[in-house]
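Chains, contacts and geometry: an overview
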Amino acid sequence: MKHQKRWALFFFLTPVILWLFLLIVLPHIDLLIMSFRIENDAGEMVWSLSNYAQFFEEPIYWRTFVRTAVYSILVTFLTFVIALPVALYITKVVAPRFQGFLTLLLLLPFWVSELVRVYGWMILLRESGVINHFLIKLGILNRPVEMLYNDATMILGLIYTSMLFMIVPLIAVLESLDNSLIEAAYDLGANMWTILFKIIIPHATPGIVSGSIVVFMLTLGNYLTPNLMGGKNSLWFTEQIYNQFIASFNWNQGSAFGFLLLVLSSIVVWLGLKLTRQTLRTVVK
Amino acid sequence: MQIDLSVRNITKKFKDFIAVKSVSFDVKDGQFFSILGPSGCGKTTLLRMIAGLTEPTEGVIEIRGKSMVGIPPNKRPVNLIFQQLALFPMMNVGENIAFGLFRRGEKKTIIKKKVETILERVELSGFENKKIDQLSGGQKQRVAIARCLVLEPAVLLLDEPLGALDLKLREQMKVELKKLQAKVGTTFVYITHDQSEALVMSDFVAVMNNGEFEQIDTPQNLYNNPKTPFVAQFVGDNNTWTGRIRQCDKYIAEIETDEGHLFRTKVEDAFQTGLSVDLFLRPEAMLIQPAPNIANLNRFKVIIKSILFDGANSQLLATRPDSKKELLVALPQNRQYDYIQVNDNIEIGWNEQSGICFPRKQLP
Ligand SMILES: Nc1ncnc2c1ncn2[C@@H]1O[C@H](COP(=O)(O)OP(=O)(O)OP(=O)(O)O)[C@@H](O)[C@H]1O
Ligand SMILES: [Mg+2]
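Residues numbered from 1 in each chain as written. Chains lettered and ligands numbered in written order. Predicted model: local features only at pLDDT ≥ 70, side-chain atom pairs only at ≥ 80, totals over all residues. Heavy atoms only, no water.

1. Thoughts on the pairing of strand β16 (residues 297-308) of chain B
Residues and elements named next belong to chain B. Judged from the 7 bridges that link them, β16 and strand β19 (residues 345-351) form a sheet pairing that is antiparallel. When the bridges of β19 are listed, N298 appears paired with W350. Bridge count between β16 and strand β17 (residues 315-319): 5 bridges; the pairing is antiparallel. The residue of β17 that forms the bridge with I303 is T319. A loop of 6 residues connects β16 with β17, the two strands running antiparallel in sequence, and G311 in this loop sits at a positive phi of about 55°. (Pairing = 2+ DSSP bridges. Helix = DSSP H or I, 4+ residues; strand = E, 2+ residues; numbered from the N terminus.)

2. A few points about the environment of L317(B)
All names here are of chain B. Relative to the helices and strands, L317 resides in strand β17. Separated by 11 residues in the primary sequence, L317 and L328 place their C-alpha atoms 5.1 Å from one another. Beyond its immediate sequence surroundings of up to four residues, L317 is in contact with I303, I304, K305, S306, E326, L327 and L328. (Contact = heavy atoms within 4.5 Å.)

3. What to know about the pattern of salt bridges
Residues and elements named next belong to chain B. All told, the structure shown has 17 salt bridges over all chains when counted by the stated rule. Salt-bridge contacts for R360 lead to D278; the nearest nitrogen and oxygen are separated by 3.5 Å. In this pair, R360 sits in the segment after β20 (356-359) while D278 sits in strand β14 (residues 276-281), placing the two residues 82 residues apart along the sequence. In this structure R360 comes out as partly exposed when scored by relative accessible area, which is 41%. Here E347 ties to R299 by a salt bridge, and the two come within 3.5 Å at their closest N and O atoms. Note that E347 is positioned in strand β19 and R299 in strand β16, a separation of 48 residues in sequence. Each of R104, E106 and K114 takes part in a single network of salt bridges with overlapping partners. (Salt bridge = Lys/Arg side-chain N within 4 Å of Asp/Glu carboxyl O. Buried < 20%, exposed > 50% of the residue type's maximum accessible area, 1.4 Å probe, protein only.)

4. Things to note about the confidence of the model for chain A
In the predicted model, chain A carries a mean pLDDT of 88, and the fraction of residues at 70 or more is 97%. Within chain A, helix α13 (residues 280-284) of chain A has the poorest average pLDDT of any element, 66, and helix α8 (residues 179-187) of chain A the best, 94. (pLDDT = per-residue confidence, 0-100.)

5. Focus: the interface of chain B and chain A
Listed per partner, the contact involves 22 residues of chain B and 16 residues of chain A. Summed over both partners, the interface of chain B with chain A comes to about 1,700 Å²; 67% of that surface belongs to carbon and sulfur atoms. Of all residues in chain B, N74(B), M90(B) and R103(B) bury the most surface against chain A, accounting for 33% of the area lost on that side. Counting every contact that joins chain B to chain A gives 1 salt bridge. For the interface between chain B and chain A, the tally reads 5 residue pairs in polar contact (both at pLDDT 80 or more). At the level of elements, α1 (43-51), β6 (78-81), α2 (93-103) and α4 (137-149) of chain B are the ones that each hand at least two residues to the side of chain B that touches chain A. (Buried area = accessible area lost by both parts, 1.4 Å probe. Polar contact = N/O pair within 3.5 Å; in protein donor to acceptor, adjacent residues only side chain to side chain.)

6. A look at the pairing of strand β9 (residues 204-209) of chain B
Remember that side chains alternate between the two faces of the sheet whenever the strand is regular. All names here are of chain B. With 5 of its 6 residues buried, β9 lies for the most part within the structure. Bridge count between strand β3 (residues 32-36) and β9: 4 bridges; the pairing is parallel. Following the sheet pairing, F33 is matched in β9 by F204. In this structure, β9 lies alongside strand β10 (residues 212-217), joined through 5 bridges in antiparallel fashion. By the bridge assignment for β10, A206 is matched with I216. Joining the antiparallel neighbours β9 and β10 is a turn of 2 residues, in which N210 adopts a positive phi near 50°.

7. Details of the side chain of E160(B)
Along the chain, the position of E160(B) falls in the loop between β7 (155-159) and α5 (167-184). Reaching out from E160(B), the side chain makes a polar contact with the side chain of H193(B) at a distance of 2.9 Å.

8. Focus: α1(B)
Residue and element names in this part refer to chain B. Burial of α1 is extensive: 8 of the 9 residues sit out of reach of the surface. Along α1, the positions that sit buried rather than exposed are K43, T45, L46, L47, R48, M49, I50 and A51. Positive backbone phi, at 95°, marks G52, one or two positions downstream of α1.

9. Focus on empty space enclosed by the protein
Rolled over the atoms, a probe with the dimensions of a water molecule shows which regions are left empty. All names here are of chain A. The tally for this structure, following the rule as stated, stands at 2 cavities of 30 Å³ or more. For the largest cavity, the calculated volume is near 40 Å³. As for the largest cavity, its lining consists of E114, R117, V118, W121, G157, Y160, T161, T225 and M229. Elements with a minimum of two residues in the lining of the largest cavity: α5 (114-125), α7 (151-175) and α10 (224-230). By residue number, the principal contributor to the lining of the largest cavity is α5, which donates 4 residues. Residue composition of the lining of the largest cavity, grouped by class: 4 nonpolar, 3 polar and 2 charged. (1 Å grid on protein atoms, 1.4 Å probe; cavity = no way out; pocket = protein on both sides within 12 Å on 5 of 7 lines; lining within 4 Å. Points joined across faces, edges and corners; volume = space filled by probe spheres on them. Nonpolar A, V, L, I, M, F, W, Y, C, P; charged D, E, K, R; others polar.)

10. Points about the packing of aromatic side chains
Two descriptors summarise a pair of aromatic rings, namely the distance from one centre to the other and the angle between the planes of the rings. Residue and element names in this part refer to chain A. Considering all chains together, one arrives at 26 aromatic pairs over all chains under this definition. Residues F237 and F257 carry aromatic rings whose centres are separated by 5.3 Å and whose planes lie at 50° to one another, so their mutual orientation is tilted. Of this pair, F237 sits in helix α11 (residues 237-247) while F257 is found in helix α12 (residues 251-275), placing the two residues 20 residues apart along the sequence. Of the residues examined, F237 reaches a relative accessible area of 0% and is grouped as buried. (Phe/Tyr/Trp six-rings, centres within 6.5 Å; stacked < 30°, edge-to-face > 60°.)

11. Describing the site of ligand 1
Residue and element names in this part refer to chain B. Around ligand 1 sit F14, F17, A19, S39, G40, C41, G42, K43, T44, T45, Q83 and E160, and those are all the residues in its vicinity. A distance of 2.5 Å separates an oxygen atom of ligand 1 from a polar atom in the side chain of S39. Separating an oxygen atom of ligand 1 from a backbone N or O atom of G40 is a distance of 2.7 Å. Summarising the interface, the protein chains cover 60% of the accessible area of ligand 1, which totals 630 Å² for the free molecule. By residue number, the principal contributor to the shell around ligand 1 is α1, which donates 3 residues. (Near = heavy atom within 4 Å. Areas by Shrake-Rupley, 256 points an atom, 1.4 Å probe, with all protein chains shown as cover.)

12. What to know about the sheet that holds strand β15 (residues 286-288) of chain B
Residue and element names in this part refer to chain B. Strands sit in the order β15-β19-β16-β17-β18 across an open sheet of 5 strands; the sheet is antiparallel. Of all the strands in the sheet, the pair left with one neighbour each is β15 and β18 (326-330). Adjacent strand axes in the sheet meet at a mean angle of 50°, parallel and antiparallel pairs treated alike. Bridge count between β17 and β18: 5 bridges; the pairing is antiparallel. Bridged to A318 within β18 is L327. (Axes fitted to C-alpha atoms, helices over the stretch in contact; angles between N-to-C directions.)

Structure follows, in structure tokens:
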């Protein structure tokens, strides 16, 4: 009996483990090894740290890196600030029968690919775009302005892309918040801000943290949106990696950058968890 | 005595459903006032309007003479203990109790002192740092009460706070709550669907049905002189008959029940012959084997169907030989009636002053 169970476990787990191992662990080990090897003058591959040294010696690399990290944190924070009222509205204000409908409306844009959504924004924002057209028609502008290819537009695009991944965990966690807790706080003399900071946010912390981790990682590793909406001066670190792999054919340098990004995201997530006193276990739940 | 809470013609409509219909009452300073009614009769809605969490459709609420129209819950001198208590799970016991005091911006040292004092009051000294989920049901109860009492509200509103407890604890908390109220002297408005809670604890009880108050009275009067059939039925056990007035003189009527039996009972009004009536009788009004010389009794023979032993609340279940209608008869446990066995044939009598008679409501 016990034996059978164990075999069943193996049976179902094997594909998962194989998948994890062959598609994720193995390539990463290969990349890790690659990142420590360079071609010497004689054209042979030798062990070296110079791929990593390169990153610190060339200011453009680590500046891009820091910029990407800071903007990702900013995007995560802004996404949270926008998502919280929306989630609160859907869970606590709207009549229950409209909740499903509104959630569906939120999901709808995510049925089309990110590429299409970003192009949608570009159609709206570009110099000959819809918004410019209307602003000129209304006489607010007399000359079209280029709204694409600056940091603000890029952040807007990144927030839009990751919004759903913040709202869904927030809705889930706020749904479990008993309305009577809010009413009790109100009855005991609290105003809206105290209720928000003392009752709602503490209750929602696991959802906020898990949403933030997902949004942060997605933003940090996003290539499409910064590239299309931020243009050439978006200076997103994924572009540096892309350039190394595709433009310079320097896979060793590219892997080193990739691993630096991995380490960075791990450190930020770890710091975030420490700061909010959450463990990965409660958040994943 | 000062009137702490005054409610005037309060009405609440949800779309076309009327949850509370023109309710008025006054609660004096330091009183324990209960609102008793079946589930869904609008008790919570009424209490939430007093607390300010629900806007009344019509009517005025005054607390200590001040109109509460347009005053939000966080500015009202009342506090509500919720049906599910609503303790904050993200805070410990001390923080829960201090919550309201911090909102008032009181000094930290004073808050600490007050929290200590109130915890002592509810016999939970030293529980400040416990988590909410480490408490038993009765302890949570007391923390919820302490959290409100520490703010010294003019009126404390309690929404069936004992509902979630098991029977034994409920009995115990009932007495404790009454003692606590006497000790702190705060005005309590307590709602419940449990008549024994209302009768044991209250100075005054309002019986509520379908959003309306049927009667506001002392527990004794409610039990002995119910003013409406609903009150008679809802408060205490009863035997009920339906019948018609055969004749009526000087507030003693002769009633023929639907089973064809004749009873004489006091009535409030001179009722017309032929009027349909409901007759209510407390189980303890029925005397077992009454002495032959007692006058003005309705006497009849019954067969004992079963003996419902329940300590001091023991009762006999009996029927008359010629009918199937079951009657409840109180069985005093003074050993005097130990001889009674199932299937015995005994005589029962009740005084015509004990009957409670109402004209039947014409069904619309
Ligand atoms: N927000 C609302 N919208 C519509 N109807 C409501 C609303 N709140 C309460 N009701 C209705 O009003 C009536 C009274 O509800 P209320 O909660 O006051 O009952 P209650 O006496 O407290 O009952 P219980 O003893 O079960 O707690 C119920 O029929 C309920 O369905
Ligand atoms: Mg209720």
